[in-house]
Amino acid sequence: MDTTNSIPANITISKQRNFSLVSVINNWVKKEQENAFGISILFIMVGTMVASISAALAIHGDIAYFPLAFTCLSAMGANVTAISQRPFKVVTWAFIINIIGNLLLIIYQLIPFM
């Protein structure tokens, strides 16, 4: 008579998840690697649109040289990374820097109008 039963135990050790914004973006880049060309085209269109609004505000009235220079350099830099077919991760981060910088400049330039 068998009075002992073995109870199987599955022990799994999971790696702690890192929910930082950088890791979330990098994981998204890995997941969307096959759609990189189309997404890069969208990055060019949206980045240029936001930069053109920032540039228009920079030359409205008196010319503000720093916002105009930053807008031109960041927008064209992001476009060059996409057009020169850099890795999708580089294109994504250039787009993020372009968008955040230009949105902050738009807010900064709209403050006097409020």
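As a reminder, the structure under discussion sits directly above these lines.
Residues numbered from 1 in each chain as written. Predicted model: local features only at pLDDT ≥ 70, side-chain atom pairs only at ≥ 80, totals over all residues. Heavy atoms only, no water.

Considerations on the side chain of Thr92
- With respect to the helices and strands, the residue Thr92 is situated in helix α4 (residues 88–110).
- Within polar-contact distance, the side chain of Thr92 engages the backbone oxygen of Phe88 at 2.8 Å.
- Discounting residues that sit within four places of it in the chain, Thr92 has contacts with Ile25, Trp28, Val29 and Phe43. (Helix = DSSP H or I, 4+ residues; strand = E, 2+ residues; numbered from the N terminus. Polar contact = N/O pair within 3.5 Å; in protein donor to acceptor, adjacent residues only side chain to side chain. Contact = heavy atoms within 4.5 Å.)

Remarks on a nonpolar patch on the surface
- Together, Phe37, Ile41, Leu42, Met45, Val46, Met49 and Ile53 give the surface a local cluster of nonpolar side chains, amounting to about 680 Å² of exposed area.
- Counting through the fold element by element, Val46 comes out in helix α2 (residues 36–58). (Patch = residues over 30% accessible without salt bridge, like charges linked within 9 Å, V, L, I, M, F, W, Y side chains within 5 Å. Areas by Shrake-Rupley, 256 points an atom, 1.4 Å probe, with all protein chains shown as cover. Salt bridge = Lys/Arg side-chain N within 4 Å of Asp/Glu carboxyl O.)

Details of the nonpolar core
- Ranked by internal contacts, the top residues of the largest apolar core, which has 13 residues, are Phe43 and Phe88.
- At the level of elements, α1 (21–31), α2 and α4 are the ones that each hand at least two residues to this core.
- The residues touching Phe88, leaving out its near neighbours within four places in the chain, are Trp28, Val29, Glu32, Gln33, Ala36, Ile39, Ser40 and Phe43. (Core = buried A, V, L, I, M, F, W, Y, C linked by side-chain atoms within 4.5 Å. Buried < 20%, exposed > 50% of the residue type's maximum accessible area, 1.4 Å probe, protein only.)

So, helix α3 (residues 65–83)
- Taking 1.5 Å as the rise per residue, α3 with 19 residues should run 27 Å; its terminal C-alpha atoms sit 26 Å apart, in good agreement.
- Residues of α3 that are buried include every one of Pro67, Thr71, Ser74, Ala75, Ala78, Asn79, Thr81 and Ala82, and no others. Here the buried residues of α3 occupy an arc of 160° about the axis, which is enough to place them on one side. For α3, the exposed residues lying more than 90 degrees away from the buried face are Tyr65, Phe66, Leu73, Val80 and Ile83.
- Next to the buried residues of α3 lie α2 and α4.
- Positive phi appears at Gln85, one or two residues downstream of α3, with a value of about 55°. (Expected span 1.5 Å × (residues − 1). Arc of directions from axis to C-beta.)

Remarks on α2
- With 23 residues, α2 should reach 33 Å at 1.5 Å per residue; the first-to-last C-alpha distance of 32 Å fits that figure.
- Every buried residue of α2 is accounted for by Ala36, Ile39, Ser40, Phe43, Gly47, Val50, Ala51, Ser54, Ala55, Leu57 and Ala58.
- The elements touched by buried residues of α2 are α1, α3 and α4.

Section: the environment of Ile41
- Relative to the helices and strands, Ile41 resides in helix α2.
- Exposure remark for Ile41: the relative accessible area of 40% places this residue in the partly exposed category.
- In this structure the C-alpha to C-alpha distance between Ile41 and Leu110, which are 69 residues apart in sequence, comes to 28 Å.

Quick word on the side chain of Asn98
- Examined against the element boundaries, Asn98 turns out to sit in helix α4.
- Side-chain polar atoms of Asn98 contact the side chain of Ser74, separated by 3.3 Å.
- A polar side-chain atom of Asn98 sits 2.5 Å from a polar atom in the side chain of Asn102.
- With residues up to four places along the chain from it excluded, the contact list for Asn98 reads Gly47, Ser74, Ala75 and Ala78.

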